[in-house]
Amino acid sequence: MECERCHQRPATVHLTEIINNEKRTMRLCEQCARELQAQAMGFFPQINLHNFLAGLLHNEFGFPTTGPTVAPAGARCEACGLTEAQFARQGLLGCGECYRYFGPRLEPVFRRIHGNTCHTGKVPERTGGKVRVINRLERLKAQLREAISREEFERAAELRDAIRELEKELQEG
Amino acid sequence: MSIKETVNNPHSHWMDGTGPESDIVISSRVRVARNLAHLPFPHLLSREKAEDVIHAVQTAIENRVFREKMGKMELTRMNELTPVERQILVEKHLISPDLLEDFERKAVVLRDDEVLSVMVNEEDHLRLQCLLPGLQLNRAWELVSRLDDGLEATLDYAFDEKLGYLTACPTNVGTGLRASVMLHLPGLVMVNQIKGVLGTITKLGLTVRGLYGEGTEAKGNLFQVSNQVTLGQAEEDIIANLISVTRQLLGQERAAREALYRERREQLEDRVGRAYGLLKHARVMTSDEAMSLFSDLRLGIDMGIIKNIPAPLIIELMVLTRPAYLVKVTGKDLSPVERDIYRAQLIRKKLSAAQQS
């Protein structure tokens, strides 16, 4: 019997693959079997990351994975005009605003890729400084409301001073 | 040093063979993705706006504060280079192959020693990269982070309080960080354990690739291991995880090499000797054959079987014998057969020069 892959050398190896519970046996020569096995190591035929992601997004965004894609009317980022269909096809967002625009629908995607939906790393030194202050301010304000509701006035006074300090910093900075 | 000198010189600091664990860890790389606020990402950018991005980066690196902090860095538009020169930057791992597509609107910023570079208008507006020899991921992150701060002194980044740095692809959002090590693992390949080991790594949130980045097979037993997750972990944690996995791999590779030396010494020495012989005397050599022989020879050097060839020379040869460099060295377009002849010639010359010195 000849090799099913090269159709030249005699088949000496039976290679069985099970993909999604479907068993498939190939009769191959030694050289083809070796090449296929090398491919199975995971980095030979590279999965294009964007295509892979696009497939994922297709499911997430509720588009059929096969057949022509029909762009749902109106689903587009107002800042750059990227449509959901475009995003699902390319796997690339169009601009920073897209994250806000497609936000809630992206969360499951983030969870699947990163197992997480919240950044905990570096914050920009110059512009992010403000973000850090604003975050802190909001936390303090929440604590102040809570202190007042519990009638912890001494604590509330402390918090109010801290808030004033930060607000001043924000205005000056 | 100008960009022309960079492309003329086949050597780069990352090939030095210095740095910790450099017998197995060839290089450490950290890159971060950054985008400018209020502009579409590069794939939706008009020609004009793409030019604005390049201009903004040019201004940022000429800024006094940046100069004081980072020293001089030079911006080169990709269309100022010849196709061969562009390809050489890829072969030296200074830019990604993506920067060659639609190159009219792209640019690269390089520091003299080629340790730090910035790709402009690749998938993201900015891709900052640090490339160092050996296992030096922490140092690479420090340098990239400092470069990042230097640029951010004048550039407004697209940053979200909750999601972090915003990137064109959601796989990079958050830290925008991709840290990687390039490992030479001939021992694990020879004892047939590489498959299992790499399979385990992918379960730890890491990715394994062949030498020349995405889209190529693993040549010369060189593997690149990098992090996959960019959101929800701090940069230092991502890097600590990669370092700890790399240390495990180093242990496994060293154990495999020792086992080979102990149990199959004759075969090992034979293989190394044959590689050395072929490289020294062959007259026609394909790129694939050269890569695999380089790997054997390098293993022989690392294990003390071959004594008179410096280990870094092998890495330099791996870059030097890539197609674009051969064209550069010979100064003319070469057919594949001519390329194989010149490659063999160059290898013979370099090896005999190393022996004499």
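Rules used in this analysis
Residues numbered from 1 in each chain as written. Chains lettered and ligands numbered in written order. Predicted model: local features only at pLDDT ≥ 70, side-chain atom pairs only at ≥ 80, totals over all residues. Heavy atoms only, no water. Phe/Tyr/Trp six-rings, centres within 6.5 Å; stacked < 30°, edge-to-face > 60°. Helix = DSSP H or I, 4+ residues; strand = E, 2+ residues; numbered from the N terminus. Buried < 20%, exposed > 50% of the residue type's maximum accessible area, 1.4 Å probe, protein only. Domains from an automatic or database assignment. Contact = heavy atoms within 4.5 Å. Buried area = accessible area lost by both parts, 1.4 Å probe. Axes fitted to C-alpha atoms, helices over the stretch in contact; angles between N-to-C directions. Parallel < 35°, antiparallel > 145°, perpendicular 65-115°, else oblique. Left-handed = near helix turned anticlockwise from the far one by under 90°. Nonpolar A, V, L, I, M, F, W, Y, C, P; charged D, E, K, R; others polar.

**Observations concerning the packing of aromatic side chains**
Two descriptors summarise a pair of aromatic rings, namely the distance from one centre to the other and the angle between the planes of the rings.
Then, number 1: Inspection of every chain in the model, using the stated rule, returns five aromatic pairs over all chains.
Then, number 2: With a centroid separation of 6.1 Å and an interplanar angle of 20 degrees, the aromatic rings of Phe87(A) and Phe102(A) are classed as stacked. Of this pair, Phe87(A) sits in helix 3 (residues 84-90) while Phe102(A) sits in the loop between helix 4 (96-101) and helix 5 (103-114), and the two are 15 residues apart along the sequence. As far as the burial class goes, Phe87(A) and Phe102(A) line up, both buried.
Then, number 3: Considering the side-chain rings of Phe159(B) and Tyr165(B), the 4.9 Å spacing of their centres and the 70 degrees angle between planes classify their relative orientation as edge-to-face.

**Thoughts on the domain arrangement of chain B**
Note on interface size: it is often stated as the accessible area lost on association of the parts.
Residue and element names in this part refer to chain B.
Then, number 1: Each assigned domain of chain B is listed with its residue range as follows: domain 1 (3-253) and domain 2 (259-355).
Then, number 2: When each unit is reduced to the centre of its C-alpha atoms, the spacing between domain 1 and domain 2 is 27 Å.
Then, number 3: Taken together, the contact pairs 30 residues of domain 1 with 24 residues of domain 2.
Then, number 4: Summed over both partners, the interface of domain 1 with domain 2 comes to about 2300 Å²; 66% of that surface belongs to carbon and sulfur atoms.
Then, number 5: For domain 1, the biggest contributors to the area lost against domain 2 are Pro 10, Glu 91 and Met 190; these three give 26% of the whole.

**Here we look at the packing of helix 4 (residues 83-91) of chain B against helix 12 (residues 323-330) of chain B**
Residues and elements named next belong to chain B.
Then, number 1: In the contact formed by helix 4 and helix 12, the axes pass within 8 Å of each other and the chain directions differ by 130 degrees. As summarised for this structure, helix 4 and helix 12 are arranged oblique, according to the angle between their axes. For the crossing formed where helix 4 meets helix 12, the hand is left-handed. Where helix 4 approaches helix 12, its residues Val 84, Glu 85, Gln 87, Ile 88 and Glu 91 are matched on the opposing element by Pro 323, Ala 324, Tyr 325, Val 327 and Lys 328.
Then, number 2: Residues of the contact of helix 4 with helix 12, tallied by class, amount to six nonpolar, one polar and three charged.

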